[in-house]
Amino acid sequence: MNLVTHMTTDTTIINSFFIFFMKFKTTPYHFDLIKDNERLSAFWQAIKEYEGDNELAYDLGCGSGVLSYFLSTYFKEIISIEINPAAFACARENLADFDNVNLLVGDVLEFDFNRKADLIVCEMMDTALIDEEEVPVLNQAKKFLKPSGKIIPQGVINSAELVNMEREYVHWDENAKYDVFSDAMIYSEFDFLDGINPDFEAVLSFKAKKDGIVNGLKITTFTKLADDIICGPTPMLNPPLLIPFDSKSVKSNDLINVKLKYIMGNGIESIKTHVI
Ligand SMILES: C[S@@+](CC[C@H](N)C(=O)[O-])C[C@H]1O[C@@H](n2cnc3c(N)ncnc32)[C@H](O)[C@@H]1O
């Protein structure tokens, strides 16, 4: 599996939805999500694999309703839940003509699920699942999935590289300067159908590729939308995260062990790193 390049989703097809989406009511944040063609194409491709006779889908964190719109073609009923009242109001307006979409405002973690679904769509993703609630939400919601039910995305693959980074705080890589000192290593994989322990802790071992100073990790998350769809970072889907640790001088071929700890769903403040 090649995780270095982006998944080549067919962004030309999604362009045919463009005029429709330009009429969508959104918050500024949800507009950025819709504008991210590669992200939207990956979700559309995963959802359109459900062609056929399907009963119920949950769209958890439906935002402006774009994924519920995709689901409405393939499912008899969609229950879509959004915590943000402004986004919910947009979704209600955008999907007013869709009789099979039932929109609810509120916190999924407090939602009284009472029916089992064929599919759960939940994009509360962030790099390594640290900063959004994907893990706690799915740990609860997947009890309401039929035995044959599926989840979109299916899971994630996390990789790490040793870097020298300019800034001394945790940040996403947009406009960030850093120098890579190791090969990328896959350090964890999660399948969302499995129970996931939100407390993550591991020692990652890297071989330095050159002499210099290392002071951080770059974490990259690849999102598995379906068996055949893996989407690399896009501007709005899991952009790489840079995490600092105390500087260490290294020589080429040195082995560097870094302890990485965080709680998935508890935010970037939960991240702890140090060289051991
Ligand atoms: C990354 S956005 C995805 C929005 C939409 N599905 C899309 O693809 O454009 C995640 C959404 O989940 C919502 N959300 C986060 N936590 C939630 C919760 N506990 N209950 C319901 N919605 C939640 C956020 O307000 C946000 O709109």
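Only a predicted model underlies this, so the values are computations on that prediction, with no experimental measurement involved.

1. Remarks on the domain arrangement of the chain
By domain assignment, the chain separates into domain 1 (11–153) and domain 2 (156–275). Centre-to-centre, using C-alpha coordinates, domain 1 lies 28 Å away from domain 2. If you look at the interface, domain 1 gives 32 residues, while domain 2 gives 37 residues. Buried surface at the junction of domain 1 and domain 2, summed over both partners, amounts to about 2,600 Å²; 68% is from carbon and sulfur atoms. Its largest share of buried area at the contact with domain 2, domain 1 owes to Thr127, Ala128 and Ile130, together 25% of the area lost on that side.

2. A few points about the packing of aromatic side chains
Tallied over the entire structure, the rule returns 9 aromatic pairs. Both rings, one in Trp44 and one in Phe70, keep their centres 6.5 Å apart while their planes meet at 65 degrees; by these two values the pair is edge-to-face. Taken together, the residues span a long stretch of sequence, with Trp44 in helix H4 (residues 37–47) and Phe70 in helix H5 (residues 66–71) at a distance of 26 residues. Here Trp44 falls in the buried class, since its relative accessible area comes to 11%. Look at Tyr50 and Phe75: their rings are 5.9 Å apart centre to centre, the planes differ by 40 degrees, and that puts the pair in the tilted class. With Tyr50 in the loop between H4 and strand S1 (54–60) and Phe75 in strand S2 (residues 75–82), this residue pair connects regions lying 25 residues apart in the sequence. Like Phe75, Tyr50 is buried. Taken together through their ring pairs, the aromatic side chains of Trp44, Tyr69, Phe70 and Phe98 make up a single cluster. Above the ring of Phe181, the side-chain terminus of Lys210 is found at 4.9 Å from the ring centroid.

3. Examining the sheet that holds strand S15 (residues 272–275)
Sheet architecture is open: 3 strands sit in the order S10-S14-S15, paired in antiparallel fashion. In this open sheet, the two edge strands, each paired with only one partner strand, are strand S10 (199–207) and S15. Put simply, the sheet's adjacent strands are angled 15 degrees from each other on average, direction ignored. As paired strands, strand S14 (residues 255–263) and S15 are joined by 4 bridges and run antiparallel to one another. Among the inter-strand pairings, Val258 is bridged to a residue of S15, identified as Val275.

4. A closer look at the nonpolar core
With 82 residues, the main nonpolar core has Leu60, Phe70 and Leu260 as its most contacted residues. Examining the composition of this core, we find that 6 residues originate from one element, H4, more than from any other. Residue contributions to this core reach at least three from each of two domains, namely domain 1 (11–153) and domain 2 (156–275).

5. Thoughts on helix H6 (residues 85–94)
Three or more residues of H6 are buried, namely Ala87, Phe88, Cys90, Ala91 and Asn94. The buried residues of H6 occupy an angular sector of 160 degrees when the element is viewed end-on, so they sit on one face. Residues Pro85 and Arg92 are exposed on H6 and point more than 90 degrees away from its buried face. If you check the start of H6, you find a side-chain oxygen 2.8 Å away from the backbone N of Ala86, and it comes from Asn84.

6. Focus on the confidence of the model for the chain
Overall, the prediction assigns the chain a mean pLDDT of 93, with 94% of residues at 70 or greater. Low pLDDT, under 50, characterises residues 1–8; the predicted model gives this stretch 16 contacts beyond four residues in sequence or across chains.

7. A word on the pairing of strand S13 (residues 241–250)
Looking along a regular strand, one sees side chains alternate from face to face of the sheet. Of the strand pairs in this sheet, strand S7 (residues 171–172) and S13 are connected by 2 bridges, and their pairing is antiparallel. Bridge pairing in S13 links Trp172 to Leu241. Sheet analysis places strand S11 (residues 212–226) next to S13, joined by 7 bridges and oriented antiparallel. Across the sheet, Ile213 pairs through a bridge with Ser249, a residue of S13.

What counts and how
- Residues numbered from 1 in each chain as written.
- Predicted model: local features only at pLDDT ≥ 70, side-chain atom pairs only at ≥ 80, totals over all residues.
- Heavy atoms only, no water.
- Domains from an automatic or database assignment.
- Contact = heavy atoms within 4.5 Å.
- Buried area = accessible area lost by both parts, 1.4 Å probe.
- Phe/Tyr/Trp six-rings, centres within 6.5 Å; stacked < 30°, edge-to-face > 60°.
- Helix = DSSP H or I, 4+ residues; strand = E, 2+ residues; numbered from the N terminus.
- Buried < 20%, exposed > 50% of the residue type's maximum accessible area, 1.4 Å probe, protein only.
- Lys NZ or Arg CZ within 6 Å of the ring centre and 35° of its normal.
- Pairing = 2+ DSSP bridges.
- Axes fitted to C-alpha atoms, helices over the stretch in contact; angles between N-to-C directions.
- Core = buried A, V, L, I, M, F, W, Y, C linked by side-chain atoms within 4.5 Å.
- Arc of directions from axis to C-beta.
- Polar contact = N/O pair within 3.5 Å; in protein donor to acceptor, adjacent residues only side chain to side chain.
- pLDDT = per-residue confidence, 0-100.

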